[in-house]
Structure formats: C-alpha cells, structure tokens
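Descriptive analysis of the structure
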Amino acid sequence: MNRIHLNNTQATIISLLIASAGAFSAGFVGLPIPFLLGSTLAVTAASLAGVRIHLPDWLRVFVFFMLGIQAGSGVSPDTINQMVLWPFSFLMLFVALVLVTGLTYLMLRKGFGWDGPTALFSSLPGALSFVLVAAMGTSANMVKITVVQCIRLLLLIGFLAPLLAIIARNAPHVVVEMNYSWTVTEAVVLAVCGLLGAVLGHLTRVPGGMMLGALMASAALHGASIVTAAVPRSIADLGLIILGVLIGSRVGAEHRTKLVRYLPAALCAFLIGTAASFLAALAVWYTLNIHPAQIALAFAPGALEALTVIAFSLGVDPSYVASHHVARFLMIALAVPFLARWLNTGNGSK
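Residues numbered from 1 in each chain as written. Predicted model: local features only at pLDDT ≥ 70, side-chain atom pairs only at ≥ 80, totals over all residues. Heavy atoms only, no water.

Here we come to the overall build of the protein. Counting its secondary structure elements, the protein contains 15 helices and zero strands. With 350 residues in all, the protein has 53% of them scored as buried. Sequence-distant contacts in the protein: of pairs separated by 6 or more residues, those separated by 24 or more amount to 78%. Summing over all exposed atoms, the protein offers an accessible surface of approximately 15,700 Å²; the carbon and sulfur share of this is 70%. (Helix = DSSP H or I, 4+ residues; strand = E, 2+ residues; numbered from the N terminus. Buried < 20%, exposed > 50% of the residue type's maximum accessible area, 1.4 Å probe, protein only. Contact = heavy atoms within 4.5 Å. Areas by Shrake-Rupley, 256 points an atom, 1.4 Å probe, with all protein chains shown as cover.)

Have a look at this one:
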C-alpha cells in the first residue's frame, strides 16, 4: 500500500491535529490531564499506524521553555521551607534507582536471556536520550532498549496519571490561586532569566536540561516573590498537547512487530521498576510528612518533562518532583560513562 509522502510542514500540521483531537476527546470523556494523556495516546496510535509524526526543533525548544516556566511558577516561599525534609528522600531515591536498575537487569538477563549491555541500558529508569547515546557505543540492541524505555514511559502516563488524579484529590495543592496579571517588568525578568536558565540547562547536556533550566529560573523568581504571575492556561494547555506529540512519536511503525515481541519483557520491567520505586517511596511517606501524590510523582521511574507537568496540573509541588528527577538524571549521567566503558571491555556482556 502506497503511503502519502508528507513534507516536514505537512507532517507537523497532521501531528498537531491528531494530538489536538486526542486531547479534546480525552477532555470530553473526562480523562484526567486530558491535554497530555489524550494527545499522547492519539499520537502513539497514529505513529504505530504508519503516520509520519514530526515536530520542528524550534517548536520543541519553545515548548520545553514554556513548560519549564509554567512548572516553576508553582513554587512559593513555603515550598523552599520544605527542603529540610528532602535529604532522606534523596537517599531513598538513590536506593530506588539501584533497586530498579539491578532487579530489572537480572530479570532481562536471567528471565529473557538478553545480553548484558542491552539488559543494562534497558533497565536504567529515565534519561532516555542520554541512555541511548551511551548505548550506541556498545553492542547493545537499540530496538530492544527503545521499545522497553518507551513502553515504560507510555505506561507511566497511561496508568500513573489516572491513579494520581485520585490520590491527589486530598493533596496539599501548591497552586491554589493563580495570578495571571502580568506587568511588563515581570514579563521581561521572567523571559530573560528563563531563557538564560534554559541555555545553561542545555549546555549541561542533562536530559531535559532546557526545561529544567527554565523551571529552576522560574522557581527561583517565584520562590523569592520577585515574579508572581503565571503562564496563561491556554498557553500551558497548548504546551501539553505538543508534549504529547513528543512522547507518542517515540514509537513508530517500524516497531509494530517488535513491539509485540518485546512487550512481555517491557511489562515485566515496568512492574519491577514500579514495585521497587513504590517500596522506596513508601519509606519516604512513612518517615516524612509529604503527601503520597508528591512522592509517587517524584519516585516514578522516568519521564521528567511529563511528570513535572502532571505535578503542576494536579496542583502537586512541582519543585519537589523536578528536583528528584534531576537528581536521578545526574546519578545516571555519572554512572553511564563508567558502565559503557566497562561494557566495551567485554565485561558483563556474556
């Protein structure tokens, strides 16, 4: 069957239309976080069906910048005071990372017979772009890694979002009343500082660094009460729709048969990762006075951009969530170069 060949502009328009249709359909049927969940599911289905999904780099950059600014605007001086509670939480995050990676690695190696490099890079929770780049320098099977990591991401969005919508009903909402009254000074300060933060974040090469940089700049300005206005809801919703395009486009038509073949391994990896993260999160909930919705988002294995946006949409403290995902990314970033070098010597690949 001959497919219509779309240029980049046509593919972008089609992608945004599909995402928008999914977003509004999800809102119509009452799904939680409809602009993210609906667009993600619709684009994933279209991509698997063979539709060419495309998003220009400038739009990707703009979305990460705007979503970072938006998420950072949920920070208040009160959230800064909560930081004294977080050291133990970070320690348990490290424990969760070791458990998720170690247990998933053993399952893929012993249960499914995957080689060492493929099992290891498939087991790392989050930091997908960083993990894939590092894996390319080894003998790892890139398709297996991509399928497992993408299914983990989609399951996080598909199952965690509805569950958190229920859990977060009684959560202490950080963003209760939003101020949309901008002054020229506030807009300029936020735009300039957010842009500088995004550039610095990009230069660090940390996955999601552009969004993180803008988020941290916005969080600092809002936490210090220098800026009090938030991004208009219409712009934020548009950002969620485009984020759904980015997430859903990670699985393409070329993965259809392999998606089914590797699905059992991917599901087991998701279950093991979720269970290990749950145990660590349970220890934090038992020890610290932090709402379970915040902890669940912070300890969910992967998807920084999606989870920080979900946190903001549900009114859950985005600074707590983002800081934990940043910490996990840094842990992975420090470990991966050594792991890749170790695997290149032939160790662990047998």
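Moving on to the packing of aromatic side chains. The full count for this structure, using the stated rule, is two aromatic pairs. Ring geometry for F24 versus F35: centroids 5.6 Å apart, planes at 80°, classification edge-to-face. With F24 in helix α1 (residues 8–29) and F35 in helix α2 (residues 34–48), this pair connects stretches of sequence that are 11 residues apart. Between W114 and Y262 the ring centres are 5.9 Å apart and the planes differ by 75°, which places this aromatic pair in the edge-to-face class. Separated by 148 residues along the polypeptide, W114 in the loop between α5 (86–111) and α6 (116–123) and Y262 in helix α12 (residues 256–287) bring together distant segments of the chain. As far as the burial class goes, W114 and Y262 line up, both buried. (Phe/Tyr/Trp six-rings, centres within 6.5 Å; stacked < 30°, edge-to-face > 60°.)

What follows covers the nonpolar core. Grouped together as the largest cluster of nonpolar side chains are 63 residues, with contacts concentrated most on L36, F64, W114, L243 and L297. Ranked by residues supplied to this core, first place goes to helix α8 (residues 142–167) with 11 residues. Listed in part, the 14 residues of the second largest apolar core include A280, V284, I290 and A327. (Core = buried A, V, L, I, M, F, W, Y, C linked by side-chain atoms within 4.5 Å.)

Using the criterion set out here, one finds one cavity of 30 Å³ or more in the structure. The calculated volume of the largest cavity comes to roughly 40 Å³. Considering the residues around the largest cavity, the lining is formed by L93, A96, L97, V100, P125, S277, F299, P301 and R328. Looking at the lining of the largest cavity, the element that brings in the most residues is α5, giving four residues. Looking at side-chain class alone, the lining of the largest cavity contains seven nonpolar, one polar and one charged residues. (1 Å grid on protein atoms, 1.4 Å probe; cavity = no way out; pocket = protein on both sides within 12 Å on 5 of 7 lines; lining within 4 Å. Points joined across faces, edges and corners; volume = space filled by probe spheres on them. Nonpolar A, V, L, I, M, F, W, Y, C, P; charged D, E, K, R; others polar.)

Taking 1.5 Å of rise per residue, 16 residues should cover 22 Å, and helix α11 (residues 233–248) covers 23 Å from first to last C-alpha, within 8% of that figure. Across the 16 residues that make up α11, a large majority, 12, are buried. The complete set of buried residues in α11 reads A236, D237, G239, L240, I241, I242, L243, G244, V245, L246, I247 and G248. (Expected span 1.5 Å × (residues − 1).)

The next thing to look at is helix α13 (residues 292–299). The buried fraction of α13 is high, at six of eight residues. When we look at burial in α13, the residues that qualify are A293, Q294, I295, L297, A298 and F299.

On the surface, L91, F94, V95, V98, L99, L103 and L106 cluster together into a nonpolar patch covering about 570 Å² of accessible area. Within the element layout of this structure, V98 appears in helix α5. Classification of V98 by relative accessible area gives partly exposed; the value is 47%. (Patch = residues over 30% accessible without salt bridge, like charges linked within 9 Å, V, L, I, M, F, W, Y side chains within 5 Å. Salt bridge = Lys/Arg side-chain N within 4 Å of Asp/Glu carboxyl O.)

Counted as a void, the second largest pocket has a volume near 430 Å³. Lining the second largest pocket are 20 residues; nearest its centre among them are L160, L163, T274, F278 and A296.

Quick look at the pattern of salt bridges now. Following the criterion strictly, the structure yields one salt bridge and no others. Taking the shortest distance from any N to any O, the salt bridge between R60 and D57 comes out at 4.0 Å. In this pair, R60 and D57 both sit in helix α3 (residues 57–72), three residues apart, roughly one turn of the helix. By relative accessible area, D57 is classed as exposed at 57%.

With that settled, the discussion passes to the side chain of S122. Looking at the element boundaries, S122 is found in helix α6. Of note is the side chain of S122, whose polar atom sits 2.7 Å from the backbone oxygen of T118. Leave out the neighbours within four places in its chain, and S122 touches L108, W114, K144, I145, V148, Q149 and R152. (Polar contact = N/O pair within 3.5 Å; in protein donor to acceptor, adjacent residues only side chain to side chain.)

In this section: the environment of A300. Locating A300 in the fold gives a position in the loop between α13 and α14 (304–314). The spacing of A300 and A281 is 19 residues in sequence and 9.1 Å in space, taken between C-alpha atoms.

Attention now moves to the environment of H325. One can find H325 in helix α15 (residues 318–344). The spacing of H325 and L212 is 113 residues in sequence and 9.9 Å in space, taken between C-alpha atoms.

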